[in-house]
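The lines below spell out each chain.
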Amino acid sequence: MSLWSTLVAPFSEFAFMRSALVACMALAVASGPLGTLLLLRRMGLVGDVLSHAVMPGAAVGFALAGSALAVLSVGGLFTGIAVVLLMILGTRFGAQREDASLAAFYFASIGVGVLIVSLRGTNLDLMHVLLGTVLAIDVPALVLIVAIASVVLAVLALIFRPLAIQSFDPAFLRTTGGGDSAYRTIFLGLVVLDLVAGLQAFGTLLAGVPLLLPAAAARCWAQRIGPLVGLSIGFGMAAGYAGLLASYHLNVPSGPAIACSAAIVYAVSALVPASRVLLTAFDATRPT
Amino acid sequence: MTEPSKRDAAGSRLRDVRRGCVTLRELTVAYRERVAVEAVSGVFAAGSLTAIVGANGAGKTTLLHAIAGLVAPRRGSIEIAGVEAPLGFAYLPQSDSIDRDFPISVLEFAALGGWARIGALGRVPPELRSRSMNALQAVGLDELAGRMLGELSVGQFRRALFARVIVQEAAIVLLDEPFASVDAATSDDLLRLVQRWHGEGRTVIVALHDLEQVLAIFPETLLLARKAIAWGETATALTPENLVEAGLAAPPRGPGPRLRLAMPS
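Residues numbered from 1 in each chain as written. Chains lettered and ligands numbered in written order. Predicted model: local features only at pLDDT ≥ 70, side-chain atom pairs only at ≥ 80, totals over all residues.

All names here are of chain A. Packing of helix 9 (residues 160–168) against helix 11 (residues 180–197) leaves a shortest axis separation of 10 Å and a crossing angle of 100 degrees. Here helix 11 runs roughly perpendicular to helix 9, going by the angle between their axes. In this structure, helix 9 uses Pro162, Leu163 and Gln166 to contact helix 11, whose residues at the interface are Asp180, Tyr183, Arg184 and Phe187. Tallied by class, residues from the contact of helix 9 with helix 11 come to four nonpolar, one polar and two charged. (Axes fitted to C-alpha atoms, helices over the stretch in contact; angles between N-to-C directions. Helix = DSSP H or I, 4+ residues; strand = E, 2+ residues; numbered from the N terminus. Parallel < 35°, antiparallel > 145°, perpendicular 65-115°, else oblique. Contact = placed C-beta atoms within 7 Å. Nonpolar A, V, L, I, M, F, W, Y, C, P; charged D, E, K, R; others polar.)

Structural data, given as structure tokens:
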């Protein structure tokens, strides 16, 4: 088994592998900066909850029209945006703290979503909605993913400065230019869009993987925001490529394989600060 | 993305500076059921330097929030004359409202003061860097310009916040407990900056605790205990009776010791 046949041939021989790879790359490019900002805002769990919030809508779409991607996506977008609005209203007017209502959204979404899918479909259908089918991405699905990724990138580029300021000093943004809640809403909207793009590839359980894991790994290596974004994108791409290869050679489901390789990237990265501490301790014990 | 008239530096800024006047009319601010500031009326005149004094929970922060536009009045109004809202204000919050782990250098943090004039898409003007460096020099942080914000001590971080206010070049400066939990050297340095802003004709409003600082530096005082107990010249506002009413002194026999401090000449 040559290097070529291991690393390249799966993609040169099979169109579905190429489509899956392009989808992973597009998701990585959009999710890198978005996930970086999400983590800088200390909103990692919000990303996770939103990825489940997409589920009831996607499930309704599934119940109405089978696994037609357009319907799934529109449905997911609908409930995702609805939950964003509820969250914003809830924190402004509700008596509950944000984390309590987030937990409620999380479980309600999964419960309702699984119920709806089970009413109409089989366990296999349920697995597809939950875990995605990145190897079944066709051209229209690819176009949708790349289009969403482009929109996310373009909007992020337009409002990156205020989003960055808001993520650590929202009061300053409000006293110097306003638009506070508008930026917050747009940002959460972008997160939902990105999750919807990842829906077919990763399902509602894993849609948050490209968003959160590469960005979390990047934080172990980089201090500045530019390198953080670049590394997040790079890690996302690497995890997508490695996961697809593993899925091909080991004959395992592709979405979970990508999730695992992203988790490995994160685990290795998390050891970096630890190794620095060890090295420093080692240096300190050496006689000078 | 500012109009040329605002961008052409010194001249227009100086004209800005003398006009920041804040008028409160029967201002009442409440969070849900709890009234934090009640029926306060008065004027922070253009170019004045006013201390807001009161016990914990007296509404000092709320009043500053209301003036800065962070919270809407329940009743009454705040009228700000002579400045355009986002450009004319610099608000320095109690620093625990800022996430200091954000990956930004001290120099970049100071340069954020120029953000309102640049906007989301505007080109960063080359002189912003030198203005930010000058501001860092003024607060004694120029040697730490390249450090990350999270590496600063509490006192250094407060200095960085002041540098950002300098870069904002605002006509109205609002400071919330700027000297809390910093050492004497830092608070002296920062107090000198406040006096410098006053000298430049900016309208400066500071919430603070230390009555000796108030008596020594601040010509005017608003004594707050949800309502305005007194508002005017510091010497006339901080009478023993008023301090008792504001909950800042025990009912005295004769004038309390603090009040025999030398007044600024």
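Moving on from the coordinates now.
A few words on the nonpolar core. Counting residues in hydrophobic clusters, the biggest one holds 167 residues, and the most contacted among them are Leu27, Val54 and Val192 of chain A together with Ala110, Ala163 and Leu174 of chain B. Counting residues per element, this core draws most heavily on helix 3 (residues 15–40) of chain A, which supplies 14 residues. With near-sequence residues (within four places) excluded, Val54 of chain A lies in contact with Gly76, Thr79, Gly80, Val192, Leu195, Val196, Leu199, Thr204 and Ala207 of chain A. (Core = buried A, V, L, I, M, F, W, Y, C linked by C-beta atoms within 7 Å. Buried ≥ 20, exposed ≤ 12 C-beta atoms within 10 Å, placed from the backbone.)

This paragraph deals with the interface of chain A and chain B. It is common to report an interface's size as the accessible area lost on association of the parts. Each partner contributes to the interface: chain A provides 19 residues, whereas chain B provides 18 residues. Top contributing element to the side of chain A that touches chain B by residue count: helix 9 of chain A, with five residues. Residue composition of the side of chain A that touches chain B, grouped by class: nine nonpolar, six polar and four charged.

Turning next to the pairing of strand 9 (residues 227–233) of chain B. All names here are of chain B. With six bridges joining them, strand 8 (residues 220–225) and strand 9 adopt antiparallel strand pairing. Considered in strand 9, the bridge of Leu223 is made with Ala230. Between strand 8 and the antiparallel strand that follows it, strand 9, lie one residue; Arg226 among them carries a positive phi value of about 70 degrees. (Pairing = 2+ DSSP bridges.)

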